[in-house]
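Residue-level structure breakdown
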Amino acid sequence: MTTEGLRPFRLRVDFVERVWGKLDLAPWYSERFDQPVGEAWLTGETCVVETGPHAGRSLAQMQDEFGEQLHGKGQIGFPLLVKTLFPQEKLSVQVHPNDEDAAALGGEVRAKTECWYVLEADAGASVSLGLKAGTTEAQVREALGNESFEALLHREPVVSGDMVYVEAGTVHAIGGGVVILEVQQTSDTTYRLYDYGRPRELHLEDGMKVIQLQTAAGKITPRLLPHGTELIHVEHFSVDRLDVPAGASWNIGVSGTPQCVVALQNGGAVVFGGEKVALHKGQAIVIPAVCESYAVEGECTVVRCGLPG
């Protein structure tokens, strides 16, 4: 195995149909769909490399070939799944297991802590985040699967630019009228607790095993950095926003773990070893763990996602 040619690469978006999604994802993506699309996966295993010598390979194939040189030591695969969400309607009320619960449940259960960076929000938009203070386990169990469950949820207003932390074990739901960049542990373990009458499977008993009545979920106050804004820095990920002015080039270090850079607009590029990978709006450029540093240059706005260091 060799790392020759292993350099930052841009991934093609993988669009995923969801009953609560949209047919038109403009202005983020120009594609049109016959069925509603709710998620644009930016770093999913099925996403295909579209730049450099490994163009045409999926991220899963890259993981198999390069292993830790791509995703870092101690990681099973690429550690972060980054998506753009486009809810036209409410998502199900759901919950995900934390690391401890996932280990206890075993099998293919994987932990899923996530965060939501709000890219767009209609007036009055909100998310359901956690249970109201004083809610008991008995109340939760009685309301599971029923419309009355919504009355137990804490509603959190959101506007463009908000960062919301969703600790695993938090009962939550996203409403319509928002576009969200979601950064999460790489996991698709989801337990639906209520689905507004849609004919999809619920996971009530499994959900009760992992629900936490109180969690650290909530809005995160941003922190200014020398060259941008730290949106969140927690155990499982860190997310920054970088607004690079015209003519500037900002160097970013890589400490043995991978990163990805998501463009919020066209223009600018990721630079490594004298080569440039153009930033395309709504797409991710993966920075392999083996890279020691890279630069973002040109007039652009990006979100950098990585593991906390």
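Coordinates for the structure precede this section.
Everything in this summary refers to the structure shown in the same document. (Residues numbered from 1 in each chain as written. Predicted model: local features only at pLDDT ≥ 70, side-chain atom pairs only at ≥ 80, totals over all residues. Heavy atoms only, no water.)

Details of the overall build of the protein
For the protein, the count of helices and strands is 5 helices and 23 strands. Relative to the 2.2 N^0.38 estimate, which gives 19 Å for 309 residues, the radius of gyration of the protein is 19 Å and therefore close to what a compact globule would have. Each principal axis of the C-alpha distribution contributes one length, and for the protein these read about 60 × 40 × 40 Å. Sorting the 309 residues of the protein into buried and exposed places 53% on the buried side. Considering only contacts within the protein whose residues lie at least 6 apart along the sequence, 74% involve residues at least 24 apart. Summed over its atoms, the accessible surface of the protein is roughly 13,600 Å², and 47% of this surface lies on carbon and sulfur atoms. Charged side chains of the protein number 25 positive and 41 negative; the gap between the two group centres comes to 3 Å. (Helix = DSSP H or I, 4+ residues; strand = E, 2+ residues; numbered from the N terminus. Rg over C-alpha atoms; globule rule 2.2 N^0.38 Å. Buried < 20%, exposed > 50% of the residue type's maximum accessible area, 1.4 Å probe, protein only. Contact = heavy atoms within 4.5 Å. Areas by Shrake-Rupley, 256 points an atom, 1.4 Å probe, with all protein chains shown as cover. Lys, Arg positive; Asp, Glu negative; His and termini not counted. Charge placed at Lys NZ, Arg CZ, Asp CG, Glu CD.)

Observations regarding the packing of aromatic side chains
If you walk through the whole model with that rule in mind, you get 4 aromatic pairs. Judged by centre distance (5.2 Å) and plane angle (85 degrees), the ring pair of Phe15 and Tyr29 falls under edge-to-face. Separated by 14 residues along the polypeptide, Phe15 in strand 2 (residues 14-24) and Tyr29 in the loop between strand 2 and strand 3 (32-41) bring together distant segments of the chain. Since its relative accessible area comes to 7%, Tyr29 is described here as buried. Through a chain of ring-to-ring contacts, the aromatic side chains of Phe15, Tyr29, Phe33 and Phe86 assemble into a single cluster. The ring of Trp28 has Lys281 lying over it, and the distance from NZ or CZ to the ring centre is 4.6 Å. (Phe/Tyr/Trp six-rings, centres within 6.5 Å; stacked < 30°, edge-to-face > 60°. Lys NZ or Arg CZ within 6 Å of the ring centre and 35° of its normal.)

So, the environment of Tyr117
For Tyr117, the location among the structural elements is in strand 6 (residues 114-121). Spatially, the C-alpha atom of Tyr117 lies 18 Å from that of Ser187, the residues being 70 residues apart in sequence. Residues in contact with Tyr117, not counting those within four places in the same chain, are Gly161, Asp162, Met163, Val179, Ile180, Leu181, Leu231, Arg241, Leu264 and Val303.

A short note on the pairing of strand 15 (residues 228-233)
Within strand 15, 5 of the 6 residues are buried, leaving the element largely enclosed by the surrounding structure. Looking at chain direction, strand 14 (residues 223-225) and strand 15 are connected through 3 bridges and run antiparallel. Bridging across to strand 15, Leu225 finds its partner in Gly228. Following strand 14, the chain reverses through 2 residues before pairing antiparallel with strand 15. (Pairing = 2+ DSSP bridges.)

Brief notes about the sheet that holds strand 3
Sheet architecture is open: 7 strands sit in the order 2-3-4-11-6-9-13, paired in antiparallel fashion. Edge strands, defined here as strands with exactly one partner in the open sheet, are strand 2 and strand 13 (218-219). Across 3 bridges, the pairing between strand 3 and strand 4 (residues 80-85) is antiparallel. Looking across to strand 4, one finds that Glu39 is bridged to Leu85.

What about the pairing of strand 11 (residues 178-185)?
Of all 8 residues in strand 11, 8 are buried, a share of seventy percent or more. Examined bridge by bridge, strand 6 and strand 11 share 7 bridges and lie antiparallel to one another. What sits directly across from Glu114, in strand 11, is Gln184.

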